[in-house]
Amino acid sequence: MTLSRRLFLSMLMTGTALPARAADPDVVVIGAGVAGLAAARSLMAANKAVLVVEARERIGGRAVTDSTTFGFPFDLGAQWIEAGRTNPAMAILKEMNAKPLPDRLEQAIYVAGTEAPREEYARFEKIAIDASRKLVEALKKAPDAPVGRVLVAQDPLERLAYAMVGPLESGVELGELSARDFMRQPETEPQYSVAEGLGALVARWGAKVPVKLGTRVVRVDSTGPQVLVVTTNGQLSAKAVIVTVPTGVLASGPFGFAPQLSVARREAIAQVPMALYNKIALSFGRKVIDAPAGRSVTGLTRNDQAFDAVVRPYNRDAAIVFVGGAQARQLEEEGTGAALAFAVSALAEIYGNDLRGLMVRSSVTRWGKDPFARGSWSMATPGNADKRLVLAQPHHDRLFFAGEATDPVWATRVGGAYASGVRAAREALAILGKK
Ligand SMILES: Cc1cc2nc3c(=O)[nH]c(=O)nc-3n(C[C@H](O)[C@H](O)[C@H](O)COP(=O)(O)OP(=O)(O)OC[C@H]3O[C@@H](n4cnc5c(N)ncnc54)[C@H](O)[C@@H]3O)c2cc1C
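Residues numbered from 1 in each chain as written. Predicted model: local features only at pLDDT ≥ 70, side-chain atom pairs only at ≥ 80, totals over all residues. Heavy atoms only, no water.

A word on the site of the ligand
- Close contacts around the ligand come from 38 residues, with E54, R62, W80, V217 and V414 the closest.
- A distance of 2.7 Å separates a nitrogen atom of the ligand from a polar atom in the backbone of W80.
- Here an oxygen atom of the ligand sits 3.0 Å away from a polar atom, N or O, in the main chain of T412.
- When isolated, the ligand has an accessible area of 1000 Å², and the protein chains bury 98% of it. (Near = heavy atom within 4 Å. Polar contact = N/O pair within 3.5 Å; in protein donor to acceptor, adjacent residues only side chain to side chain. Areas by Shrake-Rupley, 256 points an atom, 1.4 Å probe, with all protein chains shown as cover.)

Some thoughts on the pattern of salt bridges
- As enumerated under the stated definition, the model contains 18 salt bridges in all.
- When the shortest N-O distance is used, the salt bridge between D304 and R159 registers 3.0 Å. Of this pair, D304 sits in the loop between β17 (295-300) and β18 (306-311) while R159 sits in helix α6 (residues 156-163), and the two are 145 residues apart along the sequence.
- The class of D304 is partly exposed, set by a relative accessible area of 39%.
- Within the structure, one salt-bridge network assembled from shared partners comprises E120, R123 and D155. (Salt bridge = Lys/Arg side-chain N within 4 Å of Asp/Glu carboxyl O. Helix = DSSP H or I, 4+ residues; strand = E, 2+ residues; numbered from the N terminus. Buried < 20%, exposed > 50% of the residue type's maximum accessible area, 1.4 Å probe, protein only.)

Focus on the sheet that holds strand β13 (residues 240-243)
- Pairing within the open sheet is parallel, and its five strands lie in the order β9-β2-β1-β13-β22. The open sheet is flanked by β9 (211-212) and β22 (399-401), the only strands paired with a single partner.
- Where β13 lies against β22, three bridges are found, and the strand directions are parallel. Paired with V241 across the strands is L399, a residue of β22.
- Across the sheet, helix α2 (residues 34-45) touches β1 (27-30), β2 (50-53) and β13, and the angle it forms with β2 is around 170°. (Pairing = 2+ DSSP bridges. Contact = heavy atoms within 4.5 Å. Axes fitted to C-alpha atoms, helices over the stretch in contact; angles between N-to-C directions.)

Description of the packing of helix α11 (residues 325-334) against helix α12 (residues 336-351)
- In the contact formed by α11 and α12, the axes pass within 5 Å of each other and the chain directions differ by 130°. Our classification of the angle between α11 and α12 gives oblique. Facing α11, whose interface residues are Q327, L331 and E334, α12 presents A338, A339 and F342.
- By residue class, the composition of the contact of α11 with α12 is four nonpolar, one polar and one charged. (Parallel < 35°, antiparallel > 145°, perpendicular 65-115°, else oblique. Nonpolar A, V, L, I, M, F, W, Y, C, P; charged D, E, K, R; others polar.)

Section: the domain arrangement of the protein chain
- Per the domain assignment, the segments of the protein chain are domain 1 (5-63 + 196-273 + 381-434) and domain 2 (106-188 + 277-364).
- Here domain 1 and domain 2 have C-alpha centroids that lie 34 Å from each other.
- Every contact between the two is made by twelve residues of domain 1 and, on the other side, 15 residues of domain 2.
- Here domain 1 packs against domain 2, burying approximately 900 Å² in sum over the two surfaces, 51% of which is carbon and sulfur.
- The largest share of the area that domain 1 buries against domain 2 comes from P382, A385 and R413, three residues that together contribute 50% of it.
- Summed over the shared surface of domain 1 and domain 2, the result is one salt bridge.
- The closest approach of N and O atoms between R388 and D181, which form a salt bridge, is 2.8 Å. (Domains from an automatic or database assignment. Buried area = accessible area lost by both parts, 1.4 Å probe.)

Structural notes on the packing of aromatic side chains
- Inspection of every chain in the model, using the stated rule, returns eleven aromatic pairs.
- Arranged with centres 5.3 Å apart and planes meeting at 20°, the rings of F72 and Y314 form a pair that is stacked. Residue F72 is found in the loop between β3 (65-66) and β4 (74-75), and its partner Y314 is found in the loop between β18 and β19 (318-324); the two are separated by 242 residues along the sequence.
- Aromatic pair Y277 and F322: ring centres 5.9 Å apart, planes at 15°, arrangement stacked. Of this pair, Y277 sits in strand β16 (residues 277-284) while F322 sits in strand β19, and the two are 45 residues apart along the sequence.
- Exposure remark for Y277: the relative accessible area of 13% places this residue in the buried category.
- The exposure class of F322 is buried, given its relative accessible area of 3%.
- Lying over the aromatic face of F401, R265 brings its terminal NZ or CZ to 4.1 Å of the ring centre. (Phe/Tyr/Trp six-rings, centres within 6.5 Å; stacked < 30°, edge-to-face > 60°. Lys NZ or Arg CZ within 6 Å of the ring centre and 35° of its normal.)

Some details on helix α4 (residues 118-141)
- Taking 1.5 Å of rise per residue, the 24 residues of α4 would be expected to cover 34 Å, and the 36 Å separating its terminal C-alpha atoms lies within 8% of that figure.
- Check the buried side of α4 and you find it contacts β6 (107-111), α5 (147-150), α6 and α7 (179-183). (Expected span 1.5 Å × (residues − 1).)

Here's the deal with the nonpolar core
- Core analysis: the biggest nonpolar cluster contains 72 residues, and I280, I289, V297, V311, L347, Y351 and L355 have the highest contact counts within it.
- Here the element with the most residues in this core is α12; it accounts for ten residues.
- When residues no more than four places from it in sequence are discounted, the contact partners of I280 are A319, I320, V321, V323, A339, L340, F342, A343, S363 and V364.
- V52, A63, V209 and A402 belong to the second largest nonpolar core, which has 41 residues in total. (Core = buried A, V, L, I, M, F, W, Y, C linked by side-chain atoms within 4.5 Å.)

What follows is the structure, encoded as C-alpha cells:
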C-alpha cells in the first residue's frame, strides 16, 4: 500500500483519513464552565464518551469562589441565581442538595456620601417602574433602541437608577445597551446564593466530568469524517464537538475554524460582545463600617461615579464593591491600585475616613483582561438581540455552540450557560444517534 505525500500531509493537517481510535471520545466539549459541564453531564447521562478540554487549570470558568483570602467565600464571578423560581441553573442546587439562601432585598441609597431621605427612596422606586414602562413603550414603537435614547437622566437620583440598568446590571453604558436584549431578561427575584459560594458548588457539581485542564484549543476542523480539535497539548478527534467559549474569546483571534465560520456567525459574534463588571473586595483590621451584616448599598460618589456594594458580608469587617461599564474598563486599565483606591474612597464617603489605611486584605477581579473570558458576560448591541439565535446554530453539522451568550432567554447568566449546555448536548445526541 502506498501513501501519497499529499494524502500524508492532509492526514497530518486535518485527520481526514484517520479512522476513529478506540480511545476517541464521542464528543469533545471545549470549555469547562457551567455550559460545558452541563453539556458533558447530559452526554454522560446518555452513556456517551465525553472529554472536556479546558484552557485554565481549574473548572468553573466564570463561576469561581475564592474561599481562602477573606475567611468567607468570595465569588469572583457569578454569585447569585436570579429569578430562582424558573432559572434552569436551580437544577445544579437540586442535584447537589445545596440549600438556596434567599437574598435580602433591602438596599440603602447614597448620593455623594449621604443617605437618600425617605421620600427619595419612594421616588427611586418610581423611577425604576417608569423606566421599565418607557422601555416597554419604546419596544412597541420600534424593534429595538439604545436604552440611552429612552432613559435620559435629569438629576443624580435618576442617574443612579439608570446606572442600575446600564453599567451596574448590564456591564455597559446606556447608549451601548440594546433595550430588547435588556428587557428579554427574566426578573431578578427571588435571588439565591449558596453557603459555600456558587463557584465552589459548580466545582463540586463538575468534579466527576473528565476534563483535560491547562489545554487551550486553537483550532477546530470539521472538514473530515471526524472533527479534529487542535490544542496546545496535542490533537483530539471526536464525532461531534461542542464549543462553549465566550464570544470575547471567539472574537479575539487565536481560535480558528475549518471551514471558516459563516459571515452571519462572525457578525453575530461581533454584535454580541462582552460587557464588563468587576468586584473589588477588601477587609479591614477592625470594625470600621457601622452597618448591619450583609447590607446592600447603591451609591453615586461625589465624583458622580455609580457603584454597588455589599458591606459587612458574612458579618465580617469587609466590603465588596461592584463596578461596571466604562468605569470598570478604566479601572482595569489603571490597575489594581486604582480599583482599590476607588473602593476605599467610595466607602469612606459613606462610613468615614477611619477606614482609610486599615485595609488588610484585598482581591480585585479583572475579567476584561482575562484571556479566557475577555469580559464578564455578553450583551447585544442595539438592534442585535436576535443575533443570539445565530450564535446558537450548529456549524457544519457536527459542531455545536453553547455558552451563556447563545441562550435567547437566560443569556448573561449561569442559567443561560446551563440551559445552552443541555440544549447543545441534545443536538449532539441527535447526530450521534443517526450514526
Ligand atoms: C463578575 C461577574 C459576576 C457575575 N455574576 C453573576 C450572577 O450573580 N449570576 C449569574 O447568573 N451570572 C453571573 N455572571 C455571569 C456568569 O458567570 C456567566 O454567565 C456563566 O458563568 C458563563 O458560563 P459559560 O459556561 O457560558 O462560560 P465560561 O464560564 O466562561 O466557560 C467557558 C470556559 O471556556 C474556557 N476557554 C476559553 N477559551 C478556551 C480555549 N481556547 N480552549 C479551551 N478552553 C477555553 C474558559 O477558561 C472557561 O472555563 C457573572 C459574571 C461575572 C464575570
